[in-house]
Amino acid sequence: MSDITIFHNPACGTSRNVLALIRNSGVEPVVVEYLKTPPPRAKLIELLAAMGIGVRDLLRRKGTPYEALKLDDLHWTDDQLIDFIVQHSILMNRPIVISPLGTRLCRPSETVLDLLPNPQRGAFSKEDGEAVIDAEGRRVVR
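I will try to describe carefully the structure that is included in this document.

Parameters and conventions
Residues numbered from 1 in each chain as written. Predicted model: local features only at pLDDT ≥ 70, side-chain atom pairs only at ≥ 80, totals over all residues. Heavy atoms only, no water. Salt bridge = Lys/Arg side-chain N within 4 Å of Asp/Glu carboxyl O. Helix = DSSP H or I, 4+ residues; strand = E, 2+ residues; numbered from the N terminus. Buried < 20%, exposed > 50% of the residue type's maximum accessible area, 1.4 Å probe, protein only. Pairing = 2+ DSSP bridges. Axes fitted to C-alpha atoms, helices over the stretch in contact; angles between N-to-C directions. Phe/Tyr/Trp six-rings, centres within 6.5 Å; stacked < 30°, edge-to-face > 60°. Core = buried A, V, L, I, M, F, W, Y, C linked by side-chain atoms within 4.5 Å. Contact = heavy atoms within 4.5 Å. Arc of directions from axis to C-beta.

Some details on the pattern of salt bridges
Within the structure shown, the criterion is met by 12 salt bridges. Here Arg-16 makes a salt bridge to Glu-127, at a shortest N to O gap of 2.6 Å. Remark: Glu-127 occurs in the loop between strand S5 (124-125) and strand S6 (131-133) and Arg-16 occurs in helix H1 (residues 13-24); sequence separation between them is 111 residues. Relative accessible area serves as the criterion here: at 32%, Arg-16 is assigned to the partly exposed category.

A look at the sheet that holds strand S1 (residues 5-8)
Reading across from one edge, S2-S1-S3-S4 is the order of the 4 strands in this open sheet, with mixed pairing throughout. This sheet does not close on itself; its edge strands, each paired only once, are strand S2 (30-33) and strand S4 (102-105). Neighbour-to-neighbour, the strand axes of the sheet open up by a mean angle of 15 degrees, direction not taken into account. Summarising the sheet, S1 and S2 pair through 4 bridges and their orientation is parallel. Paired with Thr-5 across the two strands is Val-30, which belongs to S2.

Describing the packing of aromatic side chains
Taken as a whole, this structure holds 1 aromatic pair when the rule is applied. Relative to Phe-84, the ring of Trp-76 has its centre 4.9 Å away and its plane inclined at 85 degrees; by these criteria the two rings are edge-to-face. The two residues Trp-76 and Phe-84 agree in class, both being buried.

Overview of the nonpolar core
In globular proteins that are soluble, nonpolar side chains generally tend to be buried together. Counting residues in each nonpolar core, the largest one holds 21 residues, and the members touching the most others are Leu-58, Leu-71, Ile-85, Met-92 and Ile-96. Mapped onto this core, the elements with two or more residues apiece are helix H2 (41-51), helix H3 (55-58) and helix H4 (78-87). Look past the residues within four positions of Ile-96 in its chain and what remains in contact with it is Thr-5, Ile-6, Phe-7, Leu-47, Met-51, Leu-58, Thr-103, Arg-104 and Leu-105. In this structure, Leu-19, Val-27, Val-112 and Leu-115 belong to the second largest nonpolar core, which totals 16 residues.

Things to note about H2
The complete set of buried residues in H2 reads Leu-44, Leu-47, Leu-48 and Met-51. All buried residues of H2 fall inside an arc of 100 degrees around its axis, so they share one side. Across H2 from its buried face, at more than 90 degrees, point the exposed residues Ala-42 and Ala-49. The inward-facing, buried residues of H2 abut S1, H3, H4, strand S3 (96-99) and S4. Positive phi appears at Gly-52, one or two residues downstream of H2, with a value of about 70 degrees.

What follows is the structure in structure tokens.
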């Protein structure tokens, strides 16, 4: 069993890039397709604490019921916002990666490199063609 877990949405390019970077380090992570298997409330609270972010930082706006639910209204408490994520898992921003080196919302996708115990095994470019890792497995500096 892998010691790396990704909360993944296969329809998301950033999520696919993060998963590919994990695999490029020689690891097959535990993949949780959170839209099919939403994390329970307790797991969301655990993830937020591990990432050290607030609930509002985890909310995804684009392509979600965020606006229809008026979640930008500051009267919603953190507990209420967590309940909305539990009810509508699409509201959870992704991808979230858990590794022995920490837990993080990996946006942009290169953020995952700080969480990977193993080096990259070779060149890697994002789906849009942007080079991230060179042929020697080193991060491309922009």
